[in-house]
Amino acid sequence: SGMAAIFYAVAAITSAGQNLVTGDKLYGGTYTQFSHTLRRFGIDARFVDSGDPANFERAIDENTRLLYTESVGNPKGNVDDIEGIAEVAHRHRIPFVVDNTVTPPPLFNPFEHGVDIAVYSLTKMIGGHGTSIGGAVVDKGCFDWKAAGRYAELTEPDPSYHGVNFWETFGSREGMVPGSAYLAKIRLGLLRDLGAALSPFNSWLFLQGLETLPLRARAHAANALSVARFLDAHPAVDSVDYAGLTGHPDHARAQRYFPLGPGAVLGFEIKGGLEAGKRFIESVKLASHVANILDAKTLVIHPASTTHQQLTPVEQLKAGVTPGLIRISVGIEHIDDILSDLEQALRAARAAV
Ligand SMILES: Cc1ncc(COP(=O)(O)O)c(C=O)c1O
């Protein structure tokens, strides 16, 4: 799963007593993994407002092992200064890990913008049809673990694997695939010990998804912009969070990083709050009420009572989740069908309050 990929990406290089610095507008599951599960194992996740790279820098100390954020925040649609955060990371010789689940290539190639390691939930746009749960860790292969001087688990003999030195064995020789040291550590250590292995059938389904990813990604992004504009102009809607809209505070950055569009997950605040939100979700006919995102089908959900329900109200607000927020993952159906479904559900929601 994506959650396992995130855990492995962190745990491969972080031990008790150490920390990571992360943006605070994260997918709810990641927020909980960092703030509860990692803490139980003595790893401190330091949450900072990811809007400014300086906030990451302030939280770094000699025990910081990685910086972390998401390419586009879920569900707030924020687009961080990825290149600025990468610059901070590299100045401190720390790798920068980004969850690129919501903008997989061709929407965004994080490695062109300073990111060292990308993590993915394959369950989303890469699989594309909600048929399988999977995750991936991808290493650009350029981070010099040896020069960084603090990643002994990669650069010193590993007692859990016949004393192998991952850096010497996989990382620094001519002809090795870049990134092999860190990924070998994940495969030969964490995957072996913890067992989040993808079944062959699920792997095959993901490969099927990959074949159509470039086409679907473009269709998702084009439909998402139309839906965002439609909602933005709708009298039953208070506000829309989609960085593809000119009014979004991160619009200029989104245009630079995501020329095809910043993915297809957007949040909107319906007039009438919780009650109207509930009625909207019950009223959609084409869209499905599902917790997944980036399926080929349009999906809607109420984050405060589902994906982010484990967060306290204060944590929810920090993560951008207000009581009346609805998240929509725009699918690749014909745009007229999507808009007419949203129109009738918004009308029903308005009638309910
Ligand atoms: C941005 C992001 N990362 C990670 C995950 C977790 O992925 P999975 O459901 O495959 O564990 C999700 C799931 O919604 C997500 O939206």
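This structure is a prediction, so every number in the text was calculated from the model and none was measured. (Residues numbered from 1 in each chain as written. Predicted model: local features only at pLDDT ≥ 70, side-chain atom pairs only at ≥ 80, totals over all residues. Heavy atoms only, no water.)

## Let's talk about the overall build of the protein
When its secondary structure is counted, the protein shows 13 helices and eleven strands. What you see for the protein is a C-alpha radius of gyration of 20 Å, in line with the 20 Å of a compact globule of 353 residues. Considered along the principal axes of its C-alpha atoms, the protein spans approximately 65 × 40 × 35 Å. In the protein, which comprises 353 residues, the proportion classed as buried is 56%. In the protein, 70% of the contacts between residues at least 6 apart in sequence involve partners at least 24 apart. In the form shown here, the protein has an accessible surface area of approximately 14700 Å², with 55% of it arising from carbon and sulfur atoms. (Helix = DSSP H or I, 4+ residues; strand = E, 2+ residues; numbered from the N terminus. Rg over C-alpha atoms; globule rule 2.2 N^0.38 Å. Buried < 20%, exposed > 50% of the residue type's maximum accessible area, 1.4 Å probe, protein only. Contact = heavy atoms within 4.5 Å. Areas by Shrake-Rupley, 256 points an atom, 1.4 Å probe, with all protein chains shown as cover.)

## Quick look at the sheet that holds strand S11 (residues 325-329)
The strand order across the open sheet built from five strands is S7-S8-S11-S10-S9, with neighbouring strands paired in mixed fashion. Of all the strands in the sheet, the pair left with one neighbour each is strand S7 (237-241) and strand S9 (288-289). For S9 and strand S10 (residues 299-301), the ladder comprises two bridges, and the chain directions are parallel. If you follow histidine 289 over to S10, its bridge partner there is valine 300. The strands touched by helix H11 (residues 273-283) within the sheet are strand S8 (265-270), S9, S10 and S11, with S8 carrying the most contacts at an inclination of about 130 degrees. (Pairing = 2+ DSSP bridges. Axes fitted to C-alpha atoms, helices over the stretch in contact; angles between N-to-C directions.)

## Some details on the site of the ligand
Around the ligand there are 13 residues in total, and Gly2, Asp99, Ser121, Thr123 and Lys124 lie nearest to it. Within the backbone of methionine 3, a nitrogen or oxygen atom sits 3.0 Å from an oxygen atom of the ligand. Compared with its free state, where it exposes 390 Å², the ligand has 91% of that area covered by protein. In this structure, the ligand is accommodated by the second largest pocket. With three residues, the single largest contributor to the shell around the ligand is helix H1 (residues 2-11). (Near = heavy atom within 4 Å. Polar contact = N/O pair within 3.5 Å; in protein donor to acceptor, adjacent residues only side chain to side chain. 1 Å grid on protein atoms, 1.4 Å probe; cavity = no way out; pocket = protein on both sides within 12 Å on 5 of 7 lines; lining within 4 Å. Sits in = over half its atoms within 2 Å of the grid points.)

## Here we look at the packing of aromatic side chains
Counting across every chain of the model gives 14 aromatic pairs. Ring plane angle 55 degrees and centroid distance 6.4 Å describe the contact between phenylalanine 7 and tyrosine 8, whose orientation is recorded as tilted. You can call tyrosine 8 buried: its relative accessible area is 6%. Among the aromatic side chains, those forming a connected cluster through ring pairs are Phe143, Trp145, Tyr151 and Tyr182. (Phe/Tyr/Trp six-rings, centres within 6.5 Å; stacked < 30°, edge-to-face > 60°.)

## Some remarks on the nonpolar core
In this structure, Leu67, Tyr182, Leu231, Leu266, Phe268 and Phe280 are the most contacted members of the largest nonpolar core, which totals 100 residues. Take this core: its biggest share by element is nine residues, from helix H9 (residues 200-232). Once you skip the residues sitting within four places of it in the chain, leucine 266 turns out to touch Ala224, Val227, Ala228, Leu231, Val240, Asp241, Tyr242, Ile326, Arg327, Ile328 and Val330. (Core = buried A, V, L, I, M, F, W, Y, C linked by side-chain atoms within 4.5 Å.)

## As for the pattern of salt bridges
According to the stated counting rule, one finds 16 salt bridges in the structure shown. Two residues, arginine 256 and glutamate 83, come together in a salt bridge whose shortest N-O distance is 3.2 Å. In this pair, arginine 256 sits in helix H10 (residues 251-257) while glutamate 83 sits in helix H4 (residues 82-91), placing the two residues 173 residues apart along the sequence. On the accessibility criterion, arginine 256 (48% relative accessible area) is partly exposed. (Salt bridge = Lys/Arg side-chain N within 4 Å of Asp/Glu carboxyl O.)

## Details of the packing of H9 against helix H13 (residues 335-351)
Across the interface, H9 lies against H13 with an axial gap of 10 Å and an inter-helix angle of 30 degrees. Comparing the axis directions of H9 and H13 gives the class roughly parallel. Taken as a pair, H9 and H13 cross one another with a handedness that is right-handed. Residues Asn223, Ser226, Val227, Phe230 and Leu231 of H9 form the contact with H13, whose own contacting residues are Ile335, Ile338, Leu339, Leu342, Glu343 and Leu346. Grouping the constituent residues of the contact of H9 with H13 by class yields eight nonpolar, two polar and one charged. (Parallel < 35°, antiparallel > 145°, perpendicular 65-115°, else oblique. Left-handed = near helix turned anticlockwise from the far one by under 90°. Nonpolar A, V, L, I, M, F, W, Y, C, P; charged D, E, K, R; others polar.)

## Some points on empty space enclosed by the protein
If you walk through the whole model with that rule in mind, you get one cavity of 30 Å³ or more. Considered as a void within the structure, the largest cavity measures approximately 40 Å³ in volume. Together, ten residues line the largest cavity, and Val72, Gly73, Asn74, Val102 and Val265 are the ones closest to its centre. For the lining of the largest cavity, the class distribution of residues is six nonpolar, four polar and no charged. (Points joined across faces, edges and corners; volume = space filled by probe spheres on them.)

## Considerations on the layout of surface pockets
Computed from the structure, the largest pocket encloses a volume of approximately 490 Å³. Along the walls of the largest pocket sit 17 residues, with Gly135, Ala136, Val137, Arg187 and Leu191 positioned nearest its centre. With five residues, strand S6 (residues 135-139) is the single largest residue contributor to the lining of the largest pocket. Among the residues forming the lining of the largest pocket, the class breakdown is 13 nonpolar, two polar and two charged. Counted as a void, the second largest pocket has a volume near 350 Å³.

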